[in-house]
Amino acid sequence: MRSPWPNMLPYLPPHLRLPIVFVLLVANSGCTKSDEAAKEASTQSPPAKVETTKVVDRWFADEFEALGTVRALEAIDLSSNVTERVASIHFEDGDAVEKGKLLVQLENSEEMAILRGAEAQEAEQEREIKRLEGLVQGGAVSEVRLEEHLTRRDIARQAVEEARAQIQDRQIKAPFDGVLGFRRVSAGALVEPGDLIATLDILDPVKLDFTVPETFLSDLKSGLELQAETEAFPGELFSGKVTQIDTRVNPVTRSATVRAEVPNPNNRLRPGMLMTTTLVKRRKQSLSVPERSLVSVLSDHFVFVLNGEETVKRVKITIGRRVPGFVEVLAGLTKGDTIVTDGLIGLVDGRSVEITGTFDGPSEPYQPSSSL
C-alpha cells in the first residue's frame, strides 16, 4: 500500500517535515536495494546442459577424385598358330592355370609320323658314322665318305627339330599364370590363326587407368597412395599405388593418363569395371575436433573447453583440412582436452555447465536410394 505521508507534508508544521522526509528516504532506499537483489537472483541462469568429447588424433590427407577403368595386369587372347582341328580341351571356364599348362591339343598325327621318320633317319646316320669312324682310322674308307654321313646326320637332326616345332604349334599352353575366361571352341572344331579360343588374364593385382588434368601433374609421382571404389561393392575401399604417369599429355583434353596397381586377392575386380579413384597425398595424423563443436565468428574459429568440471572457457583455434564430420586442429588445443560438442546455443565464456552425455560421432550422410 502506498504511504499517505508524501501527500500530507504540505499540511504539517515546519519542524516536523524534515524528520519525516529523512525517514521516507531511508525506507525508499531499502526497498530499491531489495528489488535489485531480487532482480539479480531472477536473472541468474542454471547450468547449461552440454555433451562433450575428447580431442584426439585422426588421419588427414589431401584428396583428388577421378574416374578410372580397371585393366588386367597381363591379358591375352589365346589362339592357334596353324589351321587344324581340336583334338582335346584341358580346361574349364574360369580355371586358374599355371604357366606351361596344356590347354588345347590340336590334331598332330601327321606331324608325329614325320617326327618318327626324322628320328629314324638320325639314328641310322649315327650308326653309319660310328661304323665309318673305325674304318677311317684303319685307312679302309676315305674321310670324304664319313663327312657325307655327318652332313646327312645334321639334316636328319634338322628334320627332327622341324617336326617337334610343328607338334609344339599344335599344343596351346598358358604363357603365364592367370585366370581363363569362357571357352570359345569345342573338341572337333576347325580353328584357324586368329580364332579366339579363350582369354587369359592376370587379375592380382589389376591395373587402374585414369586421367588427371595437367595442372595436377606436379602433385603426382610413382608410389603415391590412392583409394578407389566401385558401384559393384558399395562402401568398400580398394587401396593401391601409382606406378606410372604417361609421358604425353593429350593436346585436346589437356590431361594425362595415370596408371596404378590395386591388389585384388579375391579376383573381385574385373577388367573393364568403372571405379572412382581418390588420390591421397600429405597423409598424416593431427589433432581433430568434430565440426559441430566449432563456433565461427567471421574468419575466426572457437571451441568451448571444459574448465575443470563446472565451467567452460572459449578458446580460439586454428583449423586445417577436413574429413566428413571432423576438422584438423593446427593450434590452440592439446590432445586429451575436453570440448563441448552439443548445447552451444547461448553458451558463453565462464558459463557453468552440466554434462549430460558424450559425442558418439557424426551422423551418416543422407542416401536417397536407401530410403526407397
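Everything numeric in this text was worked out from a predicted model, so none of it was measured. (Residues numbered from 1 in each chain as written. Predicted model: local features only at pLDDT ≥ 70, side-chain atom pairs only at ≥ 80, totals over all residues. Heavy atoms only, no water.)

Visitor: Help me get a handle on the overall build of the protein chain, residues and values and all.
Guide: The secondary structure content of the protein chain amounts to four helices and 19 strands. Put simply, the protein chain has 372 residues, and 32% of those count as buried. As displayed, the protein chain has an accessible area near 23600 Å², and 51% of this comes from carbon and sulfur atoms. (Helix = DSSP H or I, 4+ residues; strand = E, 2+ residues; numbered from the N terminus. Buried < 20%, exposed > 50% of the residue type's maximum accessible area, 1.4 Å probe, protein only. Areas by Shrake-Rupley, 256 points an atom, 1.4 Å probe, with all protein chains shown as cover.)

Visitor: So, the pattern of salt bridges: which residues are in play, and what are the values?
Guide: If the charged atoms of two oppositely charged side chains come close together, the side chains can form a pair. Throughout the structure, instances matching the rule amount to 18 salt bridges. Note that Arg157 is salt-bridged to Glu122, the shortest N-O span being 3.2 Å. Of this pair, Arg157 sits in helix α4 (residues 143-169) while Glu122 sits in helix α3 (residues 109-138), and the two are 35 residues apart along the sequence. Judged by its relative accessible area of 35%, Arg157 falls in the partly exposed class. Residue Arg322 pairs with Glu291 through a salt bridge whose shortest N-O separation is 2.8 Å. Here Arg322, found in strand β16 (residues 311-323), pairs with Glu291, found in the loop between β13 (274-290) and β14 (295-297); they are 31 residues apart in sequence, far enough to count as distant. (Salt bridge = Lys/Arg side-chain N within 4 Å of Asp/Glu carboxyl O.)

Visitor: Can you explain the packing of aromatic side chains? Please cite residues and give values.
Guide: Within this structure, the stated rule accounts for two aromatic pairs. With a centroid separation of 6.3 Å and an interplanar angle of 75°, the aromatic rings of Phe326 and Phe359 are classed as edge-to-face. Of the two residues, Phe326 is situated in strand β17 (residues 326-331) and Phe359 in the segment after β19 (353-358); the sequence distance between them amounts to 33 residues. When sorted by exposure, Phe326 lands in the same class as Phe359, which is buried. The cationic tip of Arg268 hangs over the ring face of Phe233; the distance from NZ or CZ to the ring centre is 4.8 Å. A cation over a ring is seen here: Arg314 above Phe302, with NZ or CZ 4.1 Å from the ring centre. (Phe/Tyr/Trp six-rings, centres within 6.5 Å; stacked < 30°, edge-to-face > 60°. Lys NZ or Arg CZ within 6 Å of the ring centre and 35° of its normal.)

Visitor: So what's going on with the nonpolar core? Which residues, and what values?
Guide: Counting residues in hydrophobic clusters, the biggest one holds 20 residues, and the most contacted among them are Leu208, Phe210, Val212, Leu226, Leu269, Met275 and Leu279. The set of elements that each furnish at least two residues to this core consists of β2 (56-78), β9 (198-213), β10 (225-229), β11 (238-245), β12 (255-262) and β13. For this core, the leading source of residues is β9, giving four residues. For Leu226, the contacting residues outside a window of four places in its chain are Leu208, Phe210, Phe238, Ser239, Gly240, Lys241, Val242, Ala260, Thr277, Thr278, Leu279 and Val280. (Core = buried A, V, L, I, M, F, W, Y, C linked by side-chain atoms within 4.5 Å. Contact = heavy atoms within 4.5 Å.)

Visitor: Would you mind going over the packing of α3 against α4 in detail, with residue names and values included?
Guide: Following both chains from N to C, one finds α3 and α4 inclined at 160°, their axes separated by 8 Å at the closest point. When the interaxial angle is binned, α3 and α4 end up roughly antiparallel. For α3 against α4, the interelement crossing comes out left-handed. (Axes fitted to C-alpha atoms, helices over the stretch in contact; angles between N-to-C directions. Parallel < 35°, antiparallel > 145°, perpendicular 65-115°, else oblique. Left-handed = near helix turned anticlockwise from the far one by under 90°.)

Visitor: Give a detailed account of α3, specifying residues and quantitative values.
Guide: Taking 1.5 Å per residue, 30 residues should reach 44 Å; α3 reaches 45 Å between its end C-alpha atoms and fits that length. Of all the positions in α3, only Glu111, Leu115, Ala118, Glu122, Gln125, Glu128, Ile129, Leu132 and Val136 are classed as buried. Taken together, the buried residues of α3 touch α4. Two residues or fewer after α3 comes Gly139, characterised by a positive phi angle close to 80°. (Expected span 1.5 Å × (residues − 1).)

Visitor: I'd love a proper account of a negative patch on the surface, names of residues and values included.
Guide: On the surface, Glu63, Glu65, Glu229 and Glu231 cluster together into a negatively charged patch. With respect to the helices, strands and loops of the structure, Glu229 is situated in strand β10. Residue Glu229 is classed as partly exposed on the basis of its relative accessible area of 33%. (Patch = residues over 30% accessible without salt bridge, like charges linked within 9 Å, V, L, I, M, F, W, Y side chains within 5 Å. Lys, Arg positive; Asp, Glu negative; His and termini not counted. Charge placed at Lys NZ, Arg CZ, Asp CG, Glu CD.)

Visitor: Give a detailed account of the pairing of β10, specifying residues and quantitative values.
Guide: Side chains on a regular strand alternate between the two faces of the sheet. Only one face of β10 is covered, namely the face carrying Leu226 and Ala228; the face carrying Glu225, Gln227 and Glu229 is uncovered. Sheet analysis places β10 next to β11, joined by four bridges and oriented antiparallel. Across the sheet, Leu226 pairs through a bridge with Gly240, a residue of β11. Examined bridge by bridge, β10 and β13 share four bridges and lie antiparallel to one another. The residue bridging Gln227 from the neighbouring strand is Thr278, located in β13. (Pairing = 2+ DSSP bridges.)

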